[in-house]
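What follows is each chain in one-letter form.
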Amino acid sequence: MGICGYLAVPGKCLVVLGLKLLFLVPAGVPARSGDSVVKDNITVRQGDSAVLKCNVDNKVSRVAWLNRTTILFAGSEKWSLDPRVILMENTAVTEYSIKIQNVDVHDEGPYVCSILTNKKPKSTRVHLIVQVPARITNISKDVTVNEGSNVNLMCLAVGRPEANIIWKHHSPRGIHKFVTEGEHVELKAVTKEQSGSYECIASNDISNPDVRTVQVTVNYPPFISKARSTGTPVGQKGVLQCEASAVPRADFEWYKEDRRLFNGLNGVKIENQGKQSMLVFFNVSEEDYGNYTCVAMNTMGITNASIILYGPGAMHDVNGAAVLPRCSICLLVTVTLLYLLKF
């Protein structure tokens, strides 16, 4: 678009060329012999206001502000259509300044205050630099994978100066650590310890960092972390506890020897709370003593542990945890078949 397209008053188009010939010195054109040129850089943040100052004296006959080929102000007359550009009021007699409000990236570039003094032109050149706070524009969505898979995360950001990106990992156990720097994170053969939230932090010191988070869920088979044998006298309430970590959360089954137990039958109650399952005996009898098996399963796999309910003075395994129940391998075969049918 030509100069006339930027002028507030179309009729002034005819005198633009005359003004330029009189005293305007476009940016990028070397100053002629005798010109006095003052150069300055102004740095502002996107959205802030920029004040461009120009010093004048009483010998000035003409003065104007020019942005590339666009006249912004000629004297006190506004030529620009941009409502954000205003002539500063109540400025000193020796100052001819303009303000650009709500500065944006497209405002960056050279500005010239052209002055005609005793028919000798001089100019003040100001280069406006616009800084943009770092902002994340694209980031990977939350992802769920099986243990052993590869995970690739991406985080893109813009900013002026260029945004710096770092990644931090926050594990479910509350451990926080730096992962890497850059737009991409590659996790090979991911483990359950690498699950949790991955924080992308984009910054360029212009404002507070922009932070976004990706949740990584790692599926893994059950692992029984607690299975302890218990001694309970006849007639008392007894409880066997079994705890298993797993994603997705494990389903529990209880067996005595090779017989599956069901909630509410034979004087027992099965209580499942999160990753814990309890086999509750309301009134322990001699027949209740013996070996029990806790089975934990999910879509990723199956595991079990042997737990003993014993009476006072009975010999027992203190840890009470075994890979397989002592009865026989029949229980393992039965449970495995049920698992395969279920999942």
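Attention here is on the structure that accompanies the text. (Residues numbered from 1 in each chain as written. Predicted model: local features only at pLDDT ≥ 70, side-chain atom pairs only at ≥ 80, totals over all residues. Heavy atoms only, no water.)

Let's talk about the sheet that holds strand E20 (residues 259–261)
Neighbouring strands of a sheet are bound in pairs by backbone hydrogen bonds; such pairs are parallel or else antiparallel.
Okay, step 1: Strands sit in the order E17-E24-E23-E19-E20 across an open sheet of five strands; the sheet is mixed. Across the chains shown, the open sheet's two edge strands, defined by having one partner strand only, are strand E17 (230–231) and E20.
Okay, step 2: The sheet contact formed by strand E19 (residues 251–256) and strand E23 (residues 290–298) spans six bridges and is antiparallel. Within E23, the position partnered with Trp 254 by the bridge is Cys 294. (Pairing = 2+ DSSP bridges. Helix = DSSP H or I, 4+ residues; strand = E, 2+ residues; numbered from the N terminus.)

Section: the pairing of strand E8 (residues 109–117)
Okay, step 1: Across the nine residues that make up E8, a large majority, eight, are buried.
Okay, step 2: Looking at chain direction, strand E3 (residues 60–67) and E8 are connected through seven bridges and run antiparallel. Note that in E8 the partner of Trp 65 across the bridge is Cys 113.
Okay, step 3: The sheet contact formed by E8 and strand E9 (residues 120–139) spans nine bridges and is antiparallel. Across the sheet, residue Pro 110 finds its bridge partner in E9, namely His 127.
Okay, step 4: Connecting the antiparallel pair E8 and E9 is a turn made up of two residues, with Asn 118 showing a positive phi of about 50°. (Buried < 20%, exposed > 50% of the residue type's maximum accessible area, 1.4 Å probe, protein only.)

Quick notes on the state of the cysteines
Okay, step 1: This structure, assessed with the given rule, holds three disulfides.
Okay, step 2: The partner cysteine of Cys 54 in its disulfide is Cys 113, sulfur to sulfur 2.0 Å. Disulfide Cys 54 to Cys 113: torsion about the S-S bond roughly -75°, handedness left-handed. Here Cys 113 lies in strand E8 and Cys 54 lies in the loop between strand E2 (50–52) and E3, a separation of 59 residues in the sequence.
Okay, step 3: The exposure class assigned to Cys 54 is buried, which follows from its relative accessible area of 1%. (Disulfide = S-S within 2.5 Å.)

Observations concerning unusual backbone geometry
Okay, step 1: Following Arg 160, the chain continues into Pro 161 via a peptide bond in cis, with omega recorded as 0°.
Okay, step 2: Following the sequence through the fold, Pro 161 ends up in the loop between strand E11 (151–160) and strand E12 (164–170).
Okay, step 3: With an omega dihedral of -5°, the bond running from Val 247 to Pro 248 counts as a cis peptide bond.
Okay, step 4: For Pro 248, the position within the fold is in the loop between strand E18 (238–247) and E19.

Points about the nonpolar core
Okay, step 1: Among the nonpolar cores identified, the biggest contains 22 residues, and Leu 240, Trp 254, Leu 279, Phe 281 and Tyr 292 are the most heavily contacted of them.
Okay, step 2: In terms of residue count, E18 provides more of this core than any other element does, four residues in total.
Okay, step 3: In terms of nonpolar packing, the next biggest core, distinct from the first, is built from 21 residues, Trp 65, Cys 113, Val 126 and Val 130 among them. (Core = buried A, V, L, I, M, F, W, Y, C linked by side-chain atoms within 4.5 Å.)

Examining the pattern of salt bridges
Okay, step 1: In this structure the tally under the stated criterion is six salt bridges.
Okay, step 2: Arg 84 serves as the salt-bridge partner of Asp 107, at 2.8 Å between the closest nitrogen and oxygen. Here the residue Asp 107 occupies a position in the loop between strand E7 (98–100) and E8, and Arg 84 occupies one in the loop between strand E5 (77–78) and strand E6 (85–87), the gap between them amounting to 23 residues.
Okay, step 3: Assessed through its relative accessible area of 16%, Arg 84 is described here as buried.
Okay, step 4: Of the charged contacts, one joins Glu 253 and Arg 260 as a salt bridge, the two residues approaching to 3.5 Å between their closest N and O atoms.
Okay, step 5: Residue Glu 253 is classed as buried on the basis of its relative accessible area of 8%.
Okay, step 6: Linked through salt bridges whose partners overlap, the residues forming this network are Asp 82, Arg 84 and Asp 107. (Salt bridge = Lys/Arg side-chain N within 4 Å of Asp/Glu carboxyl O.)

A look at the environment of His 169
Okay, step 1: Relative to the helices and strands, His 169 is located in strand E12.
Okay, step 2: A sequence separation of 47 residues divides His 169 from Val 216, and the C-alpha atoms of the two residues are 9.9 Å apart.
Okay, step 3: Discounting residues that sit within four places of it in the chain, His 169 has contacts with Ile 175, His 176, Lys 177, Val 179, Glu 193, Gln 194, Ser 195, Gly 196, Ser 197 and Tyr 198.
Okay, step 4: A distance of 2.8 Å separates a polar atom in the side chain of His 169 from the backbone oxygen of Ser 195. (Contact = heavy atoms within 4.5 Å. Polar contact = N/O pair within 3.5 Å; in protein donor to acceptor, adjacent residues only side chain to side chain.)

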